[in-house]
Amino acid sequence: MNTADSAAKTVSTEELMVSIRQNIRRRHLAGIEVNPLESARSQLEAAFESTSGYRPLIAELINEGDWRIRPAIRFRSDRPVVGEILIFIKRRIVFPVVYWLYEYCSENFRVQRRVNTGLMVLIETLAQENARLRLDMEKVLGLLGSRSGETNDTQESPPQIRG
Amino acid sequence: MTPRNRRPRSVDKGLNLAVVVQRYGEGVVGGSEEHCRAIAERLAEKHRVTVLTSRARDYVSWKPECKAGESREGPVLVRRFSNRRRRRTRWFEINEMMLSEDILPEEEETWFRENGPRTPGLLEYLETHGGDYDAVFFWTYRYFPSYFGLPLVADRAILVPTAEDDPAIRLSSLRSFFALPRGYLFLTPEERDLVSGRVDGALAPSEVIGSGLDPVSEDVEDSAAILDRLGIEGAFALYIGRVDPNKGCAAMFWNYLRYLSATKSPIPLVVAGRSVMDIPQSSYIHALGYVSDEEREALLSRARLLIMPSPYESLSIALLEAWNHARPALVNGRCKVLKGQVRRANGGLYYENPDEFVETLSYLVENPETAQALGRQGLHYVEQNYRWPVVMQKVEDFLQQTVAGG
């Protein structure tokens, strides 16, 4: 088989994907099998996949820098001399004793953090959608207003009399 | 370029090579460790290879199970160094910070130390004898031996990072660490892009080598008998691997249940692997639990297609194995590595949302000829890129270029 033959017979993943995605879009446009939760789901997945860069707009608005739940524990002390001893006691004695409780709590905190991220994304999605719809409405109302204005102008203009 | 104080050497005459890895030996399960062993044994056909590793076999506890000291294992010399067991509370404490991306730069070194296996003897050996080797390979960046050992022999270090797009890769200290090695061997172009984006300055010379597979020797009667024994009849889609939400299985089941509700004559899903999650009850889902290598081969040889839902992969061996059997794959398109592999091979389809999962799975089931063609293209891709002679030639060429100064 020469190269031209084998090239001609290649089934392209990308071409198949384009055609499959067109089918999905066509069905959505026709109003079949539209699931309104899907776009929210995609956004949630994307947010969970890159939680590092995700900083919700809401956190900016409430000016809360430290908005995330932090399940990790960090031992610190401001005392210059006794501090090291206190950290040692906390880390080597207190922490192992309450370790089971910490492990239990941190797992719950981890779940809570994911729930929070999810809720933030959904609220932001709703806010964006609401803002977009408001703009659309304003445009439509503006358009209707100008059209009704045009109609009124026509009505108010004096009738032409042909003599 | 050649290592400091060394004349260029001929690769053909055989080099003195060291391989540093966290665990080593027959029966040690782990993608990186198995990849390392396969390459080390093949390198030993031409070169003198010494493996430097810990005594541990278990990557969770790092319990020292093997004897310390030298032993010959197959064609390679293995030198095991004593290591401490992991102190779980301290590890948990610092790993939590890393996972929640709440770790301070000064704490990152502690993370690498606690990640273990702590082998101070290995570091001392590298410091005193590292210069005796023409090149020192390091497998995976995230463990103690590589993170602390590589800077000691940076001028002759070749890093095989096996990096995934997870929180560990975003540790800030890696920016300077990734600038140290003399060269890199990557599993996929996507992995190279990931590491390139995390390094200060330009990345050292690199090669994408992937991993090797041997051609399958199919015994049709045997595989039929095995599937009979497993209670599997007719066509089926296959998931193979640990059944774990972190591997994308929760989303896969969610998507598959949607597919069931949207399709009149659906294809059953066979799930092969140990499970750490609840599997939905459905007459169309057959969960087999752990399967032997023989059963795994039989399943791959008879599956209509493989589903690979993982969001994180540095190289999917299961995907390559499916193509080795000329089976098409349906992969999670949100994983750059999987999507890249499928697109390069033209070996299947990918999905990025549940609608696409349903549509692509239906397409592959309802168009068997196209599906088979995709599977054959996958096999062709494996033959071109993932046969051991091809992989090892890339490694040898890279050694010639970077170490022997050819």
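These numbers come from a predicted model, not from an experiment.

A. Spotlight on the overall build of chain B. For chain B, the count of helices and strands is 15 helices and 14 strands. Here the C-alpha radius of gyration of chain B, 22 Å, is about what a compact globule of 406 residues would show, namely 22 Å. When the backbone C-alpha atoms are referred to their principal axes, chain B occupies close to 70 × 50 × 40 Å. Put simply, 66% of the contacts in chain B that link residues at least 6 apart link residues at least 24 apart.

B. The overall build of chain A, seen in detail. Of the regular secondary structure elements, chain A holds 6 helices and 0 strands. Taking contacts inside chain A between residues at least 6 apart in sequence as the whole, the part at least 24 apart equals 71%.

C. Spotlight on the sheet that holds strand β10 (residues 269-272) of chain B. Residue and element names in this part refer to chain B. Read across the sheet, 6 strands follow the order β11-β10-β9-β12-β13-β14 without closing on themselves; strand pairing throughout is parallel. At either end of the open sheet lies a strand with only one pairing partner, and these are β11 (285-289) and β14 (348-351). In this sheet, adjacent strand axes meet at a mean angle of 20° when their direction is disregarded. One ladder, built from 4 bridges, connects strand β9 (residues 237-240) with β10; its direction is parallel.

D. Structural view of the interface of chain A and chain B. Taken together, the 25 residues of chain A in the interface contact 28 residues of chain B. Listing elements by their share of the side of chain A that touches chain B, those giving two or more residues are α2 (13-29), α3 (37-49), α5 (82-97) and α6 (99-156) of chain A. Broken down by element, the residue count for the side of chain A that touches chain B peaks at 7 residues, all from α2 of chain A. Its residues assigned to classes, the side of chain A that touches chain B comprises 11 nonpolar, 7 polar and 7 charged.

E. Geometry of the pairing of strand β6 (residues 157-160) of chain B. All names here are of chain B. Burial along β6 is two-sided: A157 and L159 facing one way and I158 and V160 facing the other are all buried. The pairing of strand β5 (residues 135-139) with β6 spans 4 bridges and is classified as parallel. Opposite F137, over in β6, you have I158 as the bridge partner. Considered for its hand, the β-α-β crossover made up of β5, helix α5 (residues 144-149) and β6 is right-handed. In this structure, β6 lies alongside strand β7 (residues 183-186), joined through 2 bridges in parallel fashion. Residue pairing in the sheet places L159 in a bridge with Y184 of β7.

F. Highlighting the sheet that holds strand β3 (residues 69-73) of chain B. Residues and elements named next belong to chain B. Sheet architecture is open: 8 strands sit in the order β3-β4-β2-β1-β5-β6-β7-β8, paired in mixed fashion. Strands at the two margins of the open sheet, each flanked by one partner only, are β3 and β8 (206-208). Strand after strand, the sheet turns through a mean of 20° between neighbouring axes, direction not considered. Strands in contact with helix α15 (residues 388-402) are β5, β7 and β8; relative to β7, the strand with the most contacts, it is inclined by about 170°.

G. Seen up close, the nonpolar core. Core analysis: the largest hydrophobic core is formed by 103 residues, its most contacted members being V19, F137, L238, L306 and L319 of chain B. Those residues in contact with L306 of chain B that sit more than four places away from it in its chain are L238, I240, A318, L319, A322, R327 and A329 of chain B.

H. Expanded view of the packing of helix α2 (residues 88-99) of chain B against helix α3 (residues 105-115) of chain B. Residue and element names in this part refer to chain B. Across the interface, α2 lies against α3 with an axial gap of 9 Å and an inter-helix angle of 130°. The angle between the axes of α2 and α3 places the two elements in the oblique class. The two elements α2 and α3 cross, and the hand of that crossing is left-handed. Where α2 approaches α3, its residues R90, W91, I94, N95, M97 and M98 are matched on the opposing element by E107, T110, W111 and E114. Split by residue class, the contact of α2 with α3 holds 5 nonpolar, 2 polar and 3 charged.

I. Structural context of helix α7 (residues 189-196) of chain B. Residues and elements named next belong to chain B. Taken together, the buried positions of α7 are E190, E191 and V195. The buried side chains of α7 occupy one side of the element, clustering within an arc of 135° when seen end-on. Those residues of α7 that are buried are in contact with β7 and α12 (336-345).

J. Looking closely at the confidence of the model for chain B. Residues and elements named next belong to chain B. With 95% of its residues at a pLDDT of 70 or more, chain B shows a mean pLDDT of 89. Scored below 50 in pLDDT, residues 1-7 shows 7 contacts in the model against residues more than four places distant or in partner chains. On the interface metric, ipTM, the complex scores 0.79, and its pTM is 0.76.

K. Seen up close, the confidence of the model for chain A. For chain A, the average pLDDT comes to 73, and 63% of its residues sit at 70 or higher. Per-element mean pLDDT across chain A ranges from 45 in helix α1 (residues 3-8) of chain A up to 89 in α2 of chain A.

L. Up close: the packing of α7 of chain B against α12 of chain B. Residues and elements named next belong to chain B. Closest axis-to-axis distance for the α7/α12 pair is 8 Å, and the angle between their directions is 140°. Relative to α12, the element α7 is oriented oblique. Across from P189, E190 and E191 in α7, the residues of α12 making contact are K336, V337 and G340. Considering only residue class, the contact of α7 with α12 consists of 2 nonpolar, 1 polar and 3 charged.

M. Representation of unusual backbone geometry in the model. Residue and element names in this part refer to chain B. Cis geometry is adopted by the peptide bond preceding P117, which originates at G116 and carries an omega value of -10°. Topologically, P117 is positioned in the loop between α3 and α4 (120-129). At T140, a residue that is not glycine, the phi angle is positive and equals roughly 65°. Counting through the fold element by element, T140 comes out in the loop between β5 and α5.

N. Region of interest: the pairing of β9 of chain B. Residue and element names in this part refer to chain B. Burial along β9 is two-sided: the residues A237 and Y239 and L238 and I240 are all buried. In the sheet, β9 pairs with strand β12 (residues 305-308) via 2 bridges, with the strands oriented parallel. From the neighbouring strand, L238 faces β12, where its bridge partner is L306.

O. Expanded view of the environment of V49 of chain B. All names here are of chain B. If you trace the backbone, V49 turns up in strand β2 (residues 48-54). Residue classification places V49 among the buried residues on the basis of 25 C-beta atoms within 10 Å. In this structure V49 touches L17, V19, A40, L43, A44 and V76, once residues within four positions along its chain are discounted.

Basis of the calculations
Residues numbered from 1 in each chain as written. Chains lettered and ligands numbered in written order. Predicted model: local features only at pLDDT ≥ 70, side-chain atom pairs only at ≥ 80, totals over all residues. Helix = DSSP H or I, 4+ residues; strand = E, 2+ residues; numbered from the N terminus. Rg over C-alpha atoms; globule rule 2.2 N^0.38 Å. Contact = placed C-beta atoms within 7 Å. Pairing = 2+ DSSP bridges. Axes fitted to C-alpha atoms, helices over the stretch in contact; angles between N-to-C directions. Nonpolar A, V, L, I, M, F, W, Y, C, P; charged D, E, K, R; others polar. Buried ≥ 20, exposed ≤ 12 C-beta atoms within 10 Å, placed from the backbone. Right-handed = clockwise from strand over helix to strand, strands pointing away. Core = buried A, V, L, I, M, F, W, Y, C linked by C-beta atoms within 7 Å. Parallel < 35°, antiparallel > 145°, perpendicular 65-115°, else oblique. Left-handed = near helix turned anticlockwise from the far one by under 90°. Arc of directions from axis to C-beta. pLDDT = per-residue confidence, 0-100.

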